[in-house]
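For reference, the chains in residue letters:
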Amino acid sequence: MKRRLTIAASLAGLLPSLAFASCGAAFCTVNTNWTAQSALVDAGSSYDLRYEFINQDQPFAGSDKIAVGQIPHHHDEVSTLNRNLVATYSRSFGNGWGLSISAPLGDRDHVHIHNHHGEKVNEQWKFTELGDIRAVGRYQFFSGGEATAPSAGGVMAGLKLPTGRTTVANDGGDVGERSMQPGTGTTDLIVGAFYHQTLMMSDASWFAQAQYQHALNSHDGYKPGAQFSADLGYRHGLGERFGAQVQLNFVHKSADKGASAEPADSGGRFVYVSPGLTYAISGNLQVYGYVQQALYRHVNGVQLTADRAFLLGITGKF
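Quantities reported herein were computed from a predicted structural model and do not represent experimental measurements.

Rules used throughout
- Residues numbered from 1 in each chain as written.
- Predicted model: local features only at pLDDT ≥ 70, side-chain atom pairs only at ≥ 80, totals over all residues.
- Heavy atoms only, no water.
- Helix = DSSP H or I, 4+ residues; strand = E, 2+ residues; numbered from the N terminus.
- Buried < 20%, exposed > 50% of the residue type's maximum accessible area, 1.4 Å probe, protein only.
- Contact = heavy atoms within 4.5 Å.
- Areas by Shrake-Rupley, 256 points an atom, 1.4 Å probe, with all protein chains shown as cover.
- Pairing = 2+ DSSP bridges.
- Phe/Tyr/Trp six-rings, centres within 6.5 Å; stacked < 30°, edge-to-face > 60°.
- Core = buried A, V, L, I, M, F, W, Y, C linked by side-chain atoms within 4.5 Å.
- pLDDT = per-residue confidence, 0-100.
- Salt bridge = Lys/Arg side-chain N within 4 Å of Asp/Glu carboxyl O.
- Patch = residues over 30% accessible without salt bridge, like charges linked within 9 Å, V, L, I, M, F, W, Y side chains within 5 Å.

Let's talk about the overall build of the protein
When helices and strands are counted, the protein shows one helix and 17 strands. By residue count, 52% of the 318 residues in the protein fall in the buried class. Restricting to contacts in the protein with at least 6 residues of sequence separation, those with at least 24 account for 69%. Per element, the accessible surface of the protein, about 13,500 Å² overall, is 61% carbon and sulfur.

So, the pairing of strand S13 (residues 227-238)
Burial of the side chains of S13 is restricted to one face: Gln227, Ser229, Asp231, Gly233, Arg235 and Gly237 are buried, whereas none of Phe228, Ala230, Leu232, Tyr234, His236 and Leu238 on the reverse face is. As paired elements, strand S12 (residues 204-215) and S13 share ten bridges and run antiparallel to each other. Bridge pairing in S13 places tryptophan 206 opposite tyrosine 234. Pairing of S13 with strand S14 (residues 242-253), which is carried by twelve bridges, proceeds in the antiparallel orientation. Within S14, the position partnered with aspartate 231 by the bridge is asparagine 249.

Some points on the packing of aromatic side chains
Under the criterion given, the structure shown has seven aromatic pairs. Centre to centre, the rings of tryptophan 97 and tyrosine 139 are 4.7 Å apart; their planes meet at 40°, and the pair counts as tilted. In this pair, tryptophan 97 sits in strand S7 (residues 97-116) while tyrosine 139 sits in strand S9 (residues 134-144), placing the two residues 42 residues apart along the sequence. Relative accessible area serves as the criterion here: at 31%, tyrosine 139 is assigned to the partly exposed category. Within the aromatic cluster, the residues linked to one another by ring pairs are Tyr47, Tyr89 and Phe318.

Notes on the nonpolar core
Counting residues in each nonpolar core, the largest one holds eight residues, listed as Cys28, Val30, Ile54, Tyr288, Tyr290, Ala306, Ala309 and Leu311. At the level of secondary structure, the elements contributing two or more residues to this core comprise strand S16 (285-305) and strand S17 (308-317). In contact with alanine 306, not counting residues within four places along its chain, are Ile54, Asn55, Gln56, Ala294 and Arg297. Phe60, Phe270, Ala294 and Val299 belong to the second largest nonpolar core, which has five residues in total.

Some thoughts on the confidence of the model for the protein
Averaged over all residues, the pLDDT of the protein is 86; the fraction at 70 or higher stands at 87%. In the model of the protein, helix H1 (residues 7-10) stands out as the element of lowest mean pLDDT, 35, in contrast to strand S5 (residues 64-65), which has the highest, 96. Low confidence marks residues 1-21, where pLDDT is under 50. Its contacts with residues over four positions away, or in another chain, come to 101 contacts. The model gives residues 35-40 a pLDDT under 50, and that stretch makes 31 contacts with residues more than four places away or in other chains.

Points about the pairing of strand S8 (residues 119-130)
Bridge count between S7 and S8: twelve bridges; the pairing is antiparallel. Within S8, the position partnered with asparagine 115 by the bridge is lysine 120. Once S7 ends, the chain turns through two residues before running back antiparallel as S8, passing histidine 117 with a positive phi of about 50°.

Examining the pattern of salt bridges
Counted by the stated rule, this structure contains eight salt bridges. Close ionic contact of lysine 120 with aspartate 76 constitutes a salt bridge, the shortest N to O distance being 3.9 Å. Of this pair, lysine 120 sits in strand S8 while aspartate 76 sits in strand S6 (residues 75-92); the two residues are 44 residues apart in sequence, bridging distant segments of the chain. Assessed through its relative accessible area of 59%, lysine 120 is described here as exposed.

A word on a nonpolar patch on the surface
Taken together, the side chains of Phe93, Trp97, Leu99, Ile101, Tyr139, Phe141, Phe142 and Val155 make up a nonpolar region of the molecular surface, amounting to roughly 740 Å² of accessible area. Counting only elements with at least two residues in the nonpolar patch, the list comes to S7 and S9.

A look at the environment of tyrosine 296
You can see tyrosine 296 is positioned in strand S16. It is 7.8 Å that separates the C-alpha atoms of tyrosine 296 and arginine 269, two residues lying 27 residues apart in sequence. The residues contacting tyrosine 296, other than those within four sequence positions of it, are Ser63, Arg269, Phe270 and Val271.

Right, dumping it as structure tokens:
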């Protein structure tokens, strides 16, 4: 019988980065890489395709909700609607090593009010663009446990590449804020670790993962803040095809830096709870859905946030 792991172990850590900033560009923090019931430790390929809906229409100052323009800025942020499609391909080589590549396509609609000499001018950016691609390698350095509770752990390291544009403009020719752009223009180092255990007698499993991302350079006066994330999740089978899951997701992001950045209005700490359901179409194919609810938000300055986000996806192996 072939040894198995959940996607958490085989694809851990390849989610797109969150871009928490005043304008509100964002991706979900839900870890969908473990949603398949199993993925072979032996050589093979797997994939994950997810759709995210995040409507950031709630301004925050510190840990408090505020109204648009309650704390005057040069730009009063109104909303950012993010609709993201994220594709991840992973290859396991059968010797503990593996490689994953993740590419996001973002459809973004951002609105803010430009306060210009006492006049309030509505400005809007709408675009659909490829974001920054990630390539991350992993090594599973141990596995074991009792027959009724096999476990595995490993480390990962890779890069976020500057493939997304940084100069998207609106219909008036005004280039949008850097934190709202599809890409950061920087190459970022990604490192992390993961652990997973399957509780076979109770048809359940759990995982933990930590990841750190740090920009290695700046681009046109902009360097995104370093980011640390941690996920803890539990899954329990509901019959032969359904599974119930819940995750806790934590993100800490430092302020952005540079002349083109908004250091006073970027960075913060966020905690989410993310319940979800999975359905196995076959042994190699599974669909899933999550709702991510914010439990705690503390931002620097004034930033747009979302009370909740929605996510649908499909994952499998071949």
